[in-house]
Amino acid sequence: EIGEYQPNSGMSWCGDADAGHYVDTNASSTQTPCGLGTYNPDWGSNNSSACLLADPGHYVDTNASESQTPCGSGTYNPDSGSDSSEACLDADPGF
């Protein structure tokens, strides 16, 4: 079933796609990880649209991430979909 996979042959059950992944085909033996700059907090996802872009003020620097990482104190990031902490810019003095 879409959203499920089974990596072992001969099994009669399939497991939900893990958070940070999706499965978009029937009879899949693998799950597809969300890419850099995206994350997926949900289990059992069945298409790539489940991989959400990192929000402004955040980044995702690993594949298959379940969550996004906020920029550190004193920094900001105006963009969505950032894949590195280098996207977090130093705030101007007074802000």
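Residues numbered from 1 in each chain as written. Predicted model: local features only at pLDDT ≥ 70, side-chain atom pairs only at ≥ 80, totals over all residues. Heavy atoms only, no water.

Now for the overall build of the protein chain. Assigned secondary structure in the protein chain consists of zero helices and 10 strands. Reading the helices (α) and strands (β) of the protein chain from amino to carboxyl end gives β-β-β-β-β-β-β-β-β-β. Whereas a compact globule of 95 residues would reach a radius of gyration of roughly 12 Å, the protein chain reaches 17 Å, over 25% beyond that. The dimensions of the protein chain, computed from C-alpha atoms along their principal axes, are 60 × 20 × 15 Å. Expressed as a percentage of its 95 residues, the buried residues of the protein chain come to 31%. Here the contacts in the protein chain between residues at least 6 apart in sequence split such that 36% fall between residues at least 24 apart. Working note: accessible area of the protein chain is about 5700 Å², and carbon and sulfur atoms make up 47% of it. (Helix = DSSP H or I, 4+ residues; strand = E, 2+ residues; numbered from the N terminus. Rg over C-alpha atoms; globule rule 2.2 N^0.38 Å. Buried < 20%, exposed > 50% of the residue type's maximum accessible area, 1.4 Å probe, protein only. Contact = heavy atoms within 4.5 Å. Areas by Shrake-Rupley, 256 points an atom, 1.4 Å probe, with all protein chains shown as cover.)

The tally for this structure, following the rule as stated, stands at two disulfides. Disulfide partner of cysteine 34: cysteine 51, at an S-S distance of 2.0 Å. When the S-S torsion is -75 degrees, as for the bridge of cysteine 34 with cysteine 51, the disulfide is left-handed. One end of the pair, cysteine 34, is in the loop between strand E4 (32–33) and strand E5 (38–39); the other, cysteine 51, is in the loop between E5 and strand E6 (52–53), and 17 residues separate them in sequence. You can call cysteine 34 buried: its relative accessible area is 1%. In this model cysteine 71 forms its disulfide with cysteine 88; the gap between the sulfur atoms is 2.0 Å. Torsion about the S-S bond of the cysteine 71 and cysteine 88 cystine: about -75 degrees, corresponding to left-handed handedness. Here cysteine 88 lies in the loop between strand E9 (75–76) and strand E10 (89–90) and cysteine 71 lies in the loop between strand E8 (69–70) and E9, a separation of 17 residues in the sequence. The residues cysteine 71 and cysteine 88 share a single accessibility class, namely buried. In this structure cysteine 14 is not part of a disulfide, and its nearest cysteine sulfur, from cysteine 34, lies 19 Å away. The class of cysteine 14 is partly exposed, set by a relative accessible area of 37%. (Disulfide = S-S within 2.5 Å.)

Along the chain, the position of histidine 21 falls in strand E3 (residues 21–22). Here histidine 21 falls in the buried class, since its relative accessible area comes to 14%. Beyond its immediate sequence surroundings of up to four residues, histidine 21 is in contact with Gln31, Thr32, Pro33, Cys34, Asn40, Ser45 and Ala64.

Taken by themselves, the reported measurements are silent on function.
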